[in-house]
Amino acid sequence: MPRRRALAVAAAAAGSAAGAVFLRRRATRRRERAELYFADGSLVTLSQGSPEPDQLLAQARAVLAAARG
Amino acid sequence: MAQAADALAHLTEISTQIQAAVVFDREGTVLGSIVDDERAGRIAEKALELFRAAEKQGSQELVQLDASLPDGTVFVVRDADRLIAATTGPEPTVGLVFYDLKTCLRGFGEEPPKPKPKRAPAKRTTTPRKKDDAAS
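Residues numbered from 1 in each chain as written. Chains lettered and ligands numbered in written order. Predicted model: local features only at pLDDT ≥ 70, side-chain atom pairs only at ≥ 80, totals over all residues.

J.: I'd like a rundown of the nonpolar core, residues and numbers included.
T.: Counting 44 residues, the largest nonpolar core has A60 and V63 of chain A together with I43, V76, I84 and A85 of chain B as the members making the most contacts within it. Here this core takes eight residues from helix α2 (residues 37-55) of chain B, the largest share from any one element. In contact with A60 of chain A, not counting residues within four places along its chain, are A34 of chain A together with L50, A67, L69 and V74 of chain B. (Core = buried A, V, L, I, M, F, W, Y, C linked by C-beta atoms within 7 Å. Buried ≥ 20, exposed ≤ 12 C-beta atoms within 10 Å, placed from the backbone. Helix = DSSP H or I, 4+ residues; strand = E, 2+ residues; numbered from the N terminus. Contact = placed C-beta atoms within 7 Å.)

Given below as structure tokens:
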């Protein structure tokens, strides 16, 4: 009986860990970000959270809003 | 402007991901779009503001950008003095959209092929026969 309980607890823990990983990956993928490509081939990625990217993302939101009327 | 309309028509044909697209110049003047004029003007204005703000983030010349948001993605691509701004739904195939936008923008700048001038028909000249030839 204790063995069965231990297995159930282990299965629940594994399931919850897998769920957490899945949710974290999904959240990361959906994170707002801007990618800027320059003439020399360099790429700058700006993620939300700091003032400058937030301003750019706000302007991008304005473009989307304008496109959707 | 026929080639502009062709380039945009081709864009909508090849890319199902693009929901709105506007071609404009560095002053924000709309050169062509796949949306109505009012919306095109607003998109061009906002996209130009976005592009100018993004230009300040680097020391080099900015050629293209994309901004991903939960409800869609904004793309701006520049080719010389022309820019194209486009919007898609969330999580588009970024590389493919950039490729389609660049192709469209290049098509916009191309001059329509000039018809080749027709060659005048060769004149037929008759050379008088030499007397010697005629005699023999």
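J.: Talk me through the interface of chain A and chain B; I want residue IDs and the actual numbers.
T.: Listed as interface residues are 25 residues of chain A and, on the opposing side, 29 residues of chain B. Listed by contribution, the elements that provide at least two residues to the side of chain A that touches chain B are β1 (33-38) and α2 (51-67) of chain A. Looking at the side of chain A that touches chain B element by element, the count peaks at 12 residues for α2 of chain A. With six bridges connecting them, β1 of chain A and strand β3 (residues 62-69) of chain B associate as antiparallel partners. Residue R33 of chain A lies in a different strand from β3 of chain B, and its bridge partner there is S68 of chain B. (Pairing = 2+ DSSP bridges.)

J.: Can you tell me about the packing of α2 of chain A against α2 of chain B, naming the residues and giving the values?
T.: The axes of two packed helices give the description: the angle between them and the distance between them. The interhelical angle for the contact between α2 of chain A and α2 of chain B, taken along N-to-C directions, is 165°, at an axis separation of 8 Å. One finds that α2 of chain A runs roughly antiparallel with respect to α2 of chain B. When the axes of α2 of chain A and α2 of chain B are compared, the crossing they make is left-handed. The segment α2 of chain A lies against α2 of chain B, with Q55, L56, Q59, A60, A62, V63, A66 and A67 of chain A engaging R39, R42, I43, K46, A47, E49, L50, A53 and A54 of chain B. Of the residues that constitute the contact of α2 of chain A with α2 of chain B, the class distribution is 11 nonpolar, two polar and four charged. (Axes fitted to C-alpha atoms, helices over the stretch in contact; angles between N-to-C directions. Parallel < 35°, antiparallel > 145°, perpendicular 65-115°, else oblique. Left-handed = near helix turned anticlockwise from the far one by under 90°. Nonpolar A, V, L, I, M, F, W, Y, C, P; charged D, E, K, R; others polar.)

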